[in-house]
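Residue-level structural notes
Listed below are the residues making up each chain.
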Amino acid sequence: MTNSNQPAYHAYSVSNPEQEGKSTWTRIGAVWAHKNGEGYNLQLECLPLDGRVVLRKPKAKTEASMQ
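Residues numbered from 1 in each chain as written. Predicted model: local features only at pLDDT ≥ 70, side-chain atom pairs only at ≥ 80, totals over all residues. Heavy atoms only, no water.

**Structural notes on the overall build of the protein**
To be explicit about the condition: Elements are defined by DSSP. Helices are runs of H or I of four residues or more, strands are runs of E of two residues or more, and each kind is numbered from the N terminus. Each residue gets one of three labels from its accessible area relative to the maximum for its type: buried under 20%, exposed over 50%, partly exposed in between, using a 1.4 Å probe on protein chains only. Two residues qualify as a contact provided that any one of their heavy atoms is within 4.5 Å of a heavy atom in the partner residue. For every accessible area listed, the method is Shrake-Rupley and the probe measures 1.4 Å; residues are considered covered only by the protein chains on display.
The helix and strand tally for the protein stands at one helix and four strands. If you list the helices and strands of the protein from N to C, you get β-β-β-β-α. Residues classed as buried in the protein amount to 19% of the 67 residues present. The contacts in the protein between residues at least 6 apart in sequence include a share of 44% that link residues at least 24 apart. Here the protein displays about 5,900 Å² of accessible surface, and carbon together with sulfur accounts for 48% of that area.

**Focus on the sheet that holds strand β1 (residues 9-15)**
Let me state the cut-off plainly: A strand pair is defined by DSSP finding two or more bridges across the two strands. Axis definition: a line fitted to C-alpha atoms, limited for helices to the stretch in contact. Angles are taken between N-to-C directions and run from 0 to 180 degrees.
Within the open sheet, the four strands sit side by side as β3-β2-β1-β4. Their pairing is antiparallel. Two strands in the sheet have a free side with no partner beyond their single neighbour: β3 (40-44) and β4 (53-56). Mean inter-strand twist for the sheet, computed between neighbouring axes without regard to direction, equals 35°. With five bridges connecting them, strand β2 (residues 24-33) and β3 associate as antiparallel partners.

**Brief notes about the side chain of S13**
Relative to the assigned elements, S13 resides in strand β1. When sequence neighbours within four positions are dropped, the list of residues in contact with S13 reads T24, W25, T26, I28, P48 and R52.

**Some remarks on a nonpolar patch on the surface**
The condition is simple: A patch consists of residues whose relative accessible area exceeds 30% and which take part in no salt bridge; residues with like charges are grouped when within 9 Å of each other, and nonpolar side chains (Val, Leu, Ile, Met, Phe, Trp, Tyr) when within 5 Å. In what follows, salt bridge is the name for a side-chain nitrogen of Lys or Arg lying within 4 Å of a carboxyl oxygen of Asp or Glu.
A surface patch of nonpolar side chains, about 450 Å² in accessible area, is lined by L42, L44, L47, V53 and L55. Along the chain, L44 falls in strand β3. Of the residues examined, L44 reaches a relative accessible area of 31% and is grouped as partly exposed.

**Re the pairing of β1**
Most of β1 sits inside the fold, with five of its seven residues counted as buried. In terms of strand pairing, β1 meets β2 through seven bridges, oriented antiparallel. The residue of β2 that forms the bridge with Y12 is R27. Judged from the four bridges that link them, β1 and β4 form a sheet pairing that is antiparallel. Bridged to H10 within β4 is R56.

**Description of the packing of aromatic side chains**
Just so we agree on the cut-off: Each Phe, Tyr or Trp ring (for Trp, its six-membered ring) is paired with any other whose centre lies within 6.5 Å, and the angle between the two planes then decides the class: stacked below 30 degrees, edge-to-face above 60, tilted in between.
Tallied over the entire structure, the rule returns two aromatic pairs. Taken together, a centroid distance of 6.1 Å and an interplanar angle of 65° make the contact between Y9 and Y40 edge-to-face. Note that Y9 is positioned in strand β1 and Y40 in strand β3, a separation of 31 residues in sequence.

Okay, here's the thing in structure tokens:
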């Protein structure tokens, strides 16, 4: 069982302008697992213009980043 306060995934809008060749990642929300493990709740703060949303597991915080 996971801690319900911590999201299982972060949601990002990822755009890849062809001229620049570099992707831009903008965090737009988070995903939490249901307690019964049968699904997820997705909370978005905005919507991407191109419709592309990427879900990534949160990175573990290191001691250096917590100071």
